[in-house]
Amino acid sequence: AWTEAISADEDDLCIRTAAAELAQGLTRLTGRTPSCRTQAPGSASSTAAGSAASISAAASASAGRSVRLGTFEGSADVRESFSEAERASVAEEGFRIRADERSLVIAGTTGKGVLYGAFHFLRLVQTGTPLDGLDVLHNPANGLRMIDQWDNIDGSIERGYAGRSIFYRDNEITEDMTRIRDYARLLASVGLNAIAINNVNVHRLETMFLTEAYLPRIARIADEFRAFGVRLFLSVNFAAPFEIGGLPTADPLDEGVQAWWRATARAVYDGIPDFGGFLVKADSEFRPGPFTYGRDHADGANMLADALAPHGGIVIWRCFVYNCKQDWRDRKTDRARAAYDHFVPLDGRFRDNVMLQIKNGPMDFQVREPVSPLFGAIPDTNVAIEFQVTQEYTGQQRHLCYLVPQWKEALDFDTHARGEGSEVKRIADGSLFDRKLGGFAAVSNIGDDANWTGHPLAQANLYGYGRLAWDTDLSSEAIAEEWVKLTYGSDERVVETIRGMLMDSWPIYESYNAPLGIGWMVKPNHHFGPDVDGYEYSMWGTYHFADNRGIGVDRTVRSGTGYAGQYRQPNAGRFESLADTPDELVLFFHHVPYAHVLHSGKTVIQHIYDAHFEGVEGAEALLAKWDSLAGLIGEADHAAARSRLQEQIRHAEEWRDVINTYFLRKSGITDLHNRTIY
Ligand code: GCU
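About the thresholds
Residues numbered from 1 in each chain as written. Predicted model: local features only at pLDDT ≥ 70, side-chain atom pairs only at ≥ 80, totals over all residues. Heavy atoms only, no water. Helix = DSSP H or I, 4+ residues; strand = E, 2+ residues; numbered from the N terminus. Rg over C-alpha atoms; globule rule 2.2 N^0.38 Å. Buried < 20%, exposed > 50% of the residue type's maximum accessible area, 1.4 Å probe, protein only. Contact = heavy atoms within 4.5 Å. Areas by Shrake-Rupley, 256 points an atom, 1.4 Å probe, with all protein chains shown as cover. Lys, Arg positive; Asp, Glu negative; His and termini not counted. Charge placed at Lys NZ, Arg CZ, Asp CG, Glu CD. Core = buried A, V, L, I, M, F, W, Y, C linked by side-chain atoms within 4.5 Å. Expected span 1.5 Å × (residues − 1). Arc of directions from axis to C-beta. Near = heavy atom within 4 Å. Polar contact = N/O pair within 3.5 Å; in protein donor to acceptor, adjacent residues only side chain to side chain. Nonpolar A, V, L, I, M, F, W, Y, C, P; charged D, E, K, R; others polar. UniProt positions renumbered as here; feature names shortened; annotations may be inferred. Salt bridge = Lys/Arg side-chain N within 4 Å of Asp/Glu carboxyl O. Pairing = 2+ DSSP bridges. Axes fitted to C-alpha atoms, helices over the stretch in contact; angles between N-to-C directions. Right-handed = clockwise from strand over helix to strand, strands pointing away. Parallel < 35°, antiparallel > 145°, perpendicular 65-115°, else oblique. Left-handed = near helix turned anticlockwise from the far one by under 90°. Phe/Tyr/Trp six-rings, centres within 6.5 Å; stacked < 30°, edge-to-face > 60°. Lys NZ or Arg CZ within 6 Å of the ring centre and 35° of its normal.

As for the overall build of the protein chain
Phase 1 of the analysis: Regarding its fold elements, the protein chain presents 21 helices and 18 strands.
Phase 2 of the analysis: Relative to the compact-globule value of 26 Å for 678 residues, the protein chain shows a C-alpha radius of gyration of 26 Å, a close match.
Phase 3 of the analysis: Based on the C-alpha atoms only, the size of the protein chain along its principal axes is roughly 85 × 65 × 50 Å.
Phase 4 of the analysis: Here the protein chain holds 678 residues, and 60% of them are scored as buried.
Phase 5 of the analysis: Nonlocal contacts in the protein chain, meaning residues at least 24 apart in sequence, comprise 70% of its contacts between residues at least 6 apart.
Phase 6 of the analysis: Of the roughly 25000 Å² of accessible surface on the protein chain, 49% is carried by carbon and sulfur atoms.
Phase 7 of the analysis: Within the protein chain, one finds 67 positive and 92 negative side-chain charges whose respective centroids are separated by 1 Å.

Re the nonpolar core
Phase 1 of the analysis: Ranked by internal contacts, the top residues of the largest apolar core, which has 192 residues, are Leu69, Tyr183, Phe225, Trp261 and Ile498.
Phase 2 of the analysis: Counting residues per element, this core draws most heavily on helix α20 (residues 604-627), at 10 residues.
Phase 3 of the analysis: Leu279, Met355, Phe365 and Val443 belong to the second largest nonpolar core, which has 15 residues in total.

Some words on helix α10 (residues 255-271)
Phase 1 of the analysis: For α10, spanning 17 residues, the distance from its first C-alpha to its last is 25 Å, which sits close to the expected 24 Å at 1.5 Å a residue.
Phase 2 of the analysis: For α10, the set of buried residues is Val257, Trp260, Trp261, Thr264, Ala265, Val268 and Tyr269. Viewed end-on, α10 has its buried residues packed into an arc of 165 degrees, placing them on one side of the element. In α10, those exposed residues whose orientation departs by more than 90 degrees from the buried face are Glu255 and Asp270.

Looking at the site of the ligand
Phase 1 of the analysis: Contacts to the ligand come from 13 residues, most closely from Glu158, Lys281, Arg318, Asp364 and Glu392.
Phase 2 of the analysis: Between the ligand and Arg159 there is a distance of 2.9 Å, counted from an oxygen atom to a side-chain nitrogen or oxygen.
Phase 3 of the analysis: Separating an oxygen atom of the ligand from a side-chain N or O atom of Asp364 is a distance of 2.5 Å.
Phase 4 of the analysis: Isolated, the ligand exposes 310 Å² of accessible area, and the fraction of that covered by the protein chains is 96%.
Phase 5 of the analysis: Looking at the shell around the ligand residue by residue, the class counts come to three nonpolar, two polar and eight charged.

Focus on the UniProt feature "active site" (unreviewed entry) in the protein chain
Phase 1 of the analysis: The feature "active site" (unreviewed entry), as annotated in UniProt, sits at Glu285, Asp364 and Glu392 in this numbering.
Phase 2 of the analysis: Its place among the elements puts Asp364 in the loop between β14 (354-359) and β15 (382-388).
Phase 3 of the analysis: Classification of Asp364 as buried rests on a relative accessible area of 7%.
Phase 4 of the analysis: Among residues more than four places away in sequence, those in contact with Asp364 are Phe320, Arg335, Lys359, Glu369, Tyr393 and Trp520.
Phase 5 of the analysis: In this structure, Glu392 sits in the loop between β15 and α13 (404-412).
Phase 6 of the analysis: On the accessibility criterion, Glu392 (4% relative accessible area) is buried.
Phase 7 of the analysis: Setting aside residues no more than four positions away along its own chain, Glu392 makes contact with Arg159, Tyr161 and His527.

Structural notes on helix α5 (residues 111-126)
Phase 1 of the analysis: Compared with the 22 Å implied by 1.5 Å per residue over 16 residues, the 23 Å span of α5 between its first and last C-alpha is a close match.
Phase 2 of the analysis: In terms of burial, α5 is largely enclosed, as 13 of its 16 residues are buried.

Section: the pattern of salt bridges
Phase 1 of the analysis: A full pass over the atoms with the stated rule returns 42 salt bridges.
Phase 2 of the analysis: As a salt-bridge pair, Glu93 and Lys112 come within 3.4 Å of each other at their nearest N and O atoms. One end of the pair, Glu93, is in the loop between α4 (84-88) and β4 (95-99); the other, Lys112, is in helix α5, with 19 residues separating them in the sequence.
Phase 3 of the analysis: Note that Glu482 is salt-bridged to Arg467, the shortest N-O span being 2.8 Å. Taken together, the positions of Glu482 in helix α16 (residues 476-488) and Arg467 in helix α15 (residues 459-470) put the pair 15 residues apart, joining distant regions of the chain. The pair formed by Glu482 and Arg467 is uniform in burial state, with each residue classed as buried.
Phase 4 of the analysis: Because the salt bridges share partners, they merge into one network encompassing Lys602, Asp610, Asp671 and Arg675.

As for the sheet that holds strand β16 (residues 438-443)
Phase 1 of the analysis: Pairing within the closed barrel is parallel, and its eight strands lie in the order β7-β10-β11-β12-β13-β14-β15-β16. Shown here is a sheet whose adjacent strand axes are inclined to one another by a mean of 25 degrees, direction ignored.
Phase 2 of the analysis: In terms of strand pairing, β15 meets β16 through six bridges, oriented parallel. Residue Ala384 lies in a different strand from β16, and its bridge partner there is Gly439.

Regarding the pairing of strand β13 (residues 314-318)
Phase 1 of the analysis: The element β13 is largely enclosed, with a buried count of five among its five residues.
Phase 2 of the analysis: Relative to β13, strand β12 (residues 277-280) is paired through four bridges, and the arrangement is parallel. Residue pairing in the sheet places Gly277 in a bridge with Ile314 of β13.
Phase 3 of the analysis: Pairing between β13 and β14: four bridges, direction parallel. Its bridge partner being in β14, Arg318 is matched across the sheet by Gln357.
Phase 4 of the analysis: Crossover handedness for the path β13 to helix α12 (residues 338-343) to β14: right-handed.

What about the environment of Asp100?
Phase 1 of the analysis: With respect to the helices and strands, the residue Asp100 is situated in the loop between β4 and β5 (103-108).
Phase 2 of the analysis: Residue class for Asp100 comes out partly exposed when judged on its relative accessible area of 43%.
Phase 3 of the analysis: The sequence separation of Asp100 and Asp132 amounts to 32 residues, and the corresponding C-alpha distance is 6.2 Å.
Phase 4 of the analysis: Among the polar contacts listed, one links the side chain of Asp100 to the backbone nitrogen of Ser103, at a separation of 2.8 Å.

A few points about the packing of α10 against helix α11 (residues 297-308)
Phase 1 of the analysis: At a closest axis distance of 8 Å, the pairing of α10 and α11 adopts a crossing angle of 45 degrees. As the angle between them shows, α10 and α11 are arranged oblique. Judged by the sense of rotation from one axis to the other, the crossing of α10 with α11 is right-handed. Along its contact with α10, which presents Val257, Gln258, Trp261, Arg262, Ala265 and Tyr269, the element α11 presents Met303, Leu304, Ala307 and Leu308.
Phase 2 of the analysis: Residues belonging to the contact of α10 with α11 are distributed by class as follows: eight nonpolar, one polar and one charged.

Examining the packing of aromatic side chains
Each pair of aromatic rings is reported with the distance of its centres and the angle of its planes.
Phase 1 of the analysis: Evaluated as defined, the whole model comprises 36 aromatic pairs.
Phase 2 of the analysis: Centre to centre, the rings of Tyr567 and Phe575 are 5.0 Å apart; their planes meet at 65 degrees, and the pair counts as edge-to-face. Comparing Tyr567 with Phe575, the two get one shared label, buried.
Phase 3 of the analysis: Among the aromatic residues, those joined into a cluster by ring pairs are Phe167, Tyr168, Tyr183, Phe209, Tyr214, Phe225 and Trp452.
Phase 4 of the analysis: Here Arg555 stacks its cationic end above the ring of Phe588, 4.1 Å away from the centre of that ring.
Phase 5 of the analysis: In this arrangement the basic side chain of Arg574 is found over the ring face of Phe575, its NZ or CZ atom lying 5.0 Å from the centre.

Brief notes about unusual backbone geometry
Phase 1 of the analysis: Residue Gln569 is joined to Pro570 through a cis peptide bond whose omega torsion reads 5 degrees.
Phase 2 of the analysis: In this fold, Pro570 is placed in the loop between β17 (550-551) and α18 (571-576).
Phase 3 of the analysis: Here Arg159, not a glycine, exhibits a phi torsion of approximately 60 degrees, which is positive.
Phase 4 of the analysis: On the secondary structure map, Arg159 appears in the loop between β7 (144-148) and β8 (168-169).
Phase 5 of the analysis: Here His416, not a glycine, exhibits a phi torsion of approximately 60 degrees, which is positive.
Phase 6 of the analysis: With respect to the helices and strands, the residue His416 is situated in the loop between α13 and α14 (424-428).

Okay, structure coming up:
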């Protein structure tokens, strides 16, 4: 069923975008260009109502369907297509789509909702979903659905693996909006609604983004995102009043500092009326913060929140705070404890327009970590969960690693904070504790590479992140399948093969990486490639404590760092007990001898050997599967992924040999199967 006419008779930016996207998308998908009527900014809606009627007439004279877009409030036509109860069921950014033989209505409470509806409709068309009798309602699970760029003004991207920044170049904010507009479209098409456009590590020039020297160009970027319903945020430097404001201090309780932030916020909102707010990394990894002045995180966050509140802005304050100058000899200090220890005492002290952004795990985006125990521990505080779409520790977009299953595990983890059924997803979205704000944030994986993500299949992670932020109940498989169909078409072999590759990829990557939840074992700084002791004698708090008898970190209350006790029961008890800790996390919670027998029936050492041999075989299988699709995938894309899959095998072999050799030498225990270990 193709579409003859699109009409939208409201003066609304996102609705105009929705209509244009529909027209463009349908033209591409069906080869026919529908007529498209929208209302010009500032014109009265009565004329448009007339034109809508004439469009319906034109549509019924032809074989095509007409599509009407609009909000319940702004369009009588749209309103009358739904009962009052149906209208009431649509949340602020949700939508309903209803079709009969002749027409289709995409309706929302707001223009943003209509825009998401339009993209959803395109998704249905593209995946070949039958449209007759279509009647769907979708509301987003999370209010905040944010992406964080770790881009620097010099054009580099911290932990970026897909080229240079699309926002900056040679110490200038770009004026070329082409990629930025496409990115805005891409984000909106998966339901994302917020973006921070600069690195959380705010350097010298980026500190000045808050000044007249940069604001006009930032406002220009905000315009592009606004058309797609995406609010713009900036990462800010807590010491800005001191570093660029000419003040003697950045103390959050100093009146001059408070006034400086108020004036700064006002100036930002003058240029960007719907500015989202500030994202802050404070007192972490050498970033300045309130500690310098003997103040705490609540003092710091609230001061910024008060400056933003009159304009409707929020502060997103990161909980990635720990001592990064630890002495490796000290076995009492435990980095995993840090976020909880810092923020639990502050629960209830943060303003309503502050959100604490908590990384999914207590350490730092490793291939395997338990869920951060901070989820569920601060019921009187707004929180957001932070994921890392960019594959810093998960193969840097040279290895295939579909991360949606990892995120789902975190989201489905039951914290028991309010008894059974207190999953992390219900804490992140704010519902469990009835919080005003909640949501998702994630570090982006895109750059200016033509395919956005370097590894073509890494796009599935960005796509999946957006879809999951919208609907946490979607399965990893369903998201993978959608992405494959939208990207490579609906050929069954293609869909099944790539979906399978995606689903296998995280377990494969994990099996040749650091074993059993211990993490790291990577080359310092750039974090690519194996180096078992790379961080063992460093200040970063990331140790495995392997010796000739055993390996792992004792995080029990009984004999270790006490970290396991930060969870609620029954999780605390489960992690405290070696017998009850799941295999994949055993070395995260316990120091065990190499001969310790896992639930799988294998010893730890034999598990290490087996997993690393299997991991390489898994990587080889990925390439074989991809090769079976030659001719069914565009040549350039096939070749690009192919060379990365080949590299992944070579690199997996390196991981296997380094890890296995290290543990053979440490333990002196030989492989039961006598395979080659060096
Ligand atoms: C990781 C990453 C850093 C980043 C930090 C953060 O440690 O390696 O590059 O700055 O996370 O989340 O702030």
